[in-house]
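Residue strings, one per chain:
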Amino acid sequence: MPEAHAAIRFQIVPTAALEGVGLFWLGAELAILFFMLAARRHIQSRPLPHSFSLNQNERRRALIWMFCFAGFAAAVLARHVIHALSPPPSDTLPLVVHRARVHMTVWSGFVTGWVALELAIVYQGYRGYTALKKLLATPMPAAATAAGRIVMLVFAGVFLLQSAAHAQTLLAAAREQNQVYYNAMYLYLRLAGVVWIAAEWVAAALVWRAYVLLRAAAGKAGADV
Amino acid sequence: MFDALIQAMGNAFTPEMYLFWTRIQCSAWTLADLVIVFCLIRLANTARGIVKIEPHVFSYVALALTIPPAAFIPFAPNGRLILLIELAVTIPHFLLILYILAKDAKTFGMALNKLVEKVVPP
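About the thresholds
- Residues numbered from 1 in each chain as written.
- Chains lettered and ligands numbered in written order.
- Predicted model: local features only at pLDDT ≥ 70, side-chain atom pairs only at ≥ 80, totals over all residues.
- Helix = DSSP H or I, 4+ residues; strand = E, 2+ residues; numbered from the N terminus.
- Buried ≥ 20, exposed ≤ 12 C-beta atoms within 10 Å, placed from the backbone.
- Contact = placed C-beta atoms within 7 Å.
- Nonpolar A, V, L, I, M, F, W, Y, C, P; charged D, E, K, R; others polar.
- Core = buried A, V, L, I, M, F, W, Y, C linked by C-beta atoms within 7 Å.
- pLDDT = per-residue confidence, 0-100.
- Axes fitted to C-alpha atoms, helices over the stretch in contact; angles between N-to-C directions.
- Parallel < 35°, antiparallel > 145°, perpendicular 65-115°, else oblique.

Q: So what's going on with the overall build of chain B? Which residues, and what values?
A: Each helix and strand in chain B was counted, giving 5 helices and 0 strands. Projected onto its principal axes, the C-alpha coordinates of chain B cover approximately 65 × 35 × 20 Å. Across the 122 residues of chain B, 38% fall into the buried class. The contacts in chain B between residues at least 6 apart in sequence include a share of 71% that link residues at least 24 apart.

Here it is in C-alpha cells:
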C-alpha cells in the first residue's frame, strides 16, 4: 500500500505542474487582453495623450482581474495539495481514474478559456487596428468593418456550439467510463483547435497590418526608421 | 439528440486521429505564434525608431531560439513530446509578447503622438 500511495503522490506533481502551465497561459492571455483594451482606449482618446499610461479605472480593473485570477488559480491548484496530504485509500484504481477525469475536465475548461480569451483579444485588436488606421490615415471602409464583425461572430458562434456539445460530453464522460465519450472529448479539443488557429492567424494578420500601417505613416512623416 | 451526436463523434474519432490532428494543428498555431511575435518585434522597433530608441535585438535572438524546437513538432512521435515542445516554444513566446507590451507601451504612445503631430495637420 505505501508503494501505491507513493505512485499516487508521484502522479500529483506532473498533473499539478501541467495545470500550473495551463494557468500561466490563461494569465498571459488575460494580461494581453488587458493591454489591448488599454491600448484601444489610448488610441481612441481625443486629444491623443502625450504618453501611454493606465487611468484610474484601468488600474482598478487590473487589480480586480489579478485578484480574481489568483483566487481561481488557487482554487484549481489547492485540490492537488489536498490530494497530496490526504491518507491513502484502500483501493487506488477508482481514485486514479476519478482524478484523471477531473484533470481532463479542468484541461478542457482551460482550452475553452484560451479560445474565448483569444477571440476577445482578436476582437479588441481589430477594433484597435481600425482606430489606429483612422488616426494615422484614412478611415477603414464600413464594409470591411462589418466583414470583421461577421467573421468574429461566426468564430464565436462555432465556438459556443462546440462548447455546448462539449458540456454534454463532459456530463456523459462523468456518467460512464467509456472510450467513445473520451474520443468525443478529444474531438472537441481538436475542434476548439480549429477556432484557435483561425483566431491566431487573424491576430497575426492584424499585427502585420498594424506594422505596415505604422511604417507607412512614419515614412510619410519623414521619421527616420 | 446530443447523446447520439456525442456517440457519433466518439465512434468517428480515435486517439490515433487525435494525435495526427494535434501534430498538424500544433504546427499551424505555433507558426502563427512565430509570425505574431516577429511582427510585434518589428512593430515595436518601428515605434522605437520614431522616438530614436535602440531597437530590440535580444527579442529576435530569443524568438530565433524557439524555431528549431517548433520545426520538430510535425515529427514528434507522441503527444507527451508535443506538449513538452509546446511548453518550450509558447512560454518564451508569451513572455516575449508581455515583455514587449510592458516595455514599449509608452514608446508606442510617444511614437503615435509624434506621428500624429506630423501626419495630421493641426
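Q: Lay out the overall build of chain A with the relevant residues and their values.
A: Within chain A, the secondary structure is distributed over 5 helices and 0 strands. Listed by position from the N terminus, the elements making up chain A come as α-α-α-α-α. Within chain A, residue pairs in contact and separated by at least 24 positions form 83% of the contacts whose partners lie at least 6 positions apart.

Q: Break down the interface of chain B and chain A for me, with residues and values.
A: Between chain B and chain A, the contact holds 44 residues from the first and 45 residues from the second. At the level of elements, helix H1 (2-12), helix H2 (15-50) and helix H5 (79-119) of chain B are the ones that each hand at least two residues to the side of chain B that touches chain A. Counting residues per element, the side of chain B that touches chain A draws most heavily on H2 of chain B, which supplies 18 residues. In the side of chain B that touches chain A, the residues fall into 30 nonpolar, 9 polar and 5 charged.

Q: Could you give an account of the nonpolar core, with specific residues and numbers?
A: One finds Ala203 and Val207 of chain A together with Leu40 and Leu43 of chain B to be the most contacted residues of the largest nonpolar core, which totals 67 residues. Those elements that place two or more of their residues in this core are helix H1 (2-44), helix H3 (92-136) and helix H5 (179-221) of chain A together with H2 and H5 of chain B. Looking at this core, the element that brings in the most residues is H5 of chain A, giving 23 residues. The contacts of leucine 40 of chain B, once residues within four sequence positions are left out, are Val207 of chain A together with Ile97 and Ile100 of chain B.

Q: Any details on the environment of isoleucine 36 of chain B? Residues and values, ideally.
A: Topologically, isoleucine 36 of chain B is positioned in helix H2. In sequence terms isoleucine 36 of chain B and isoleucine 97 of chain B are 61 residues apart; their C-alpha atoms lie 8.8 Å from each other. Residues in contact with isoleucine 36 of chain B, not counting those within four places in the same chain, are Ala203, Ala204 and Val207 of chain A.

Q: For the confidence of the model for chain B, give the residues involved together with the corresponding values.
A: Residues and elements named next belong to chain B. Confidence in the prediction of chain B, expressed as mean pLDDT, is 88, and 93% of residues score 70 or more. Averaged pLDDT values for the elements of chain B fall to 70 in H1 and rise to 96 in helix H3 (residues 58-65). The ipTM for the predicted assembly is 0.87, set against a pTM of 0.81.

Q: Quick one: what's the story with the environment of isoleucine 85 of chain B, residue by residue and with numbers?
A: Mapped onto the fold, isoleucine 85 of chain B is located in helix H5. Remark: the alpha-carbon pair of isoleucine 85 of chain B and cysteine 26 of chain B, spanning 59 residues in sequence, is separated by 10.0 Å.

Q: Could you give an account of the packing of H2 of chain B against H3 of chain B, naming the residues involved and the relevant values?
A: Residue and element names in this part refer to chain B. Interaxial distance between H2 and H3 falls to 10 Å at its minimum, and their mutual angle equals 170 degrees. On the basis of their axis angle, the class for H2 and H3 is roughly antiparallel. Taken together, the residues of H3 that come into contact with H2 (itself represented by Val37, Phe38 and Ile41) are Ser59, Tyr60 and Leu63. Here the contact of H2 with H3 is built from residues that sort into 5 nonpolar, 1 polar and no charged.

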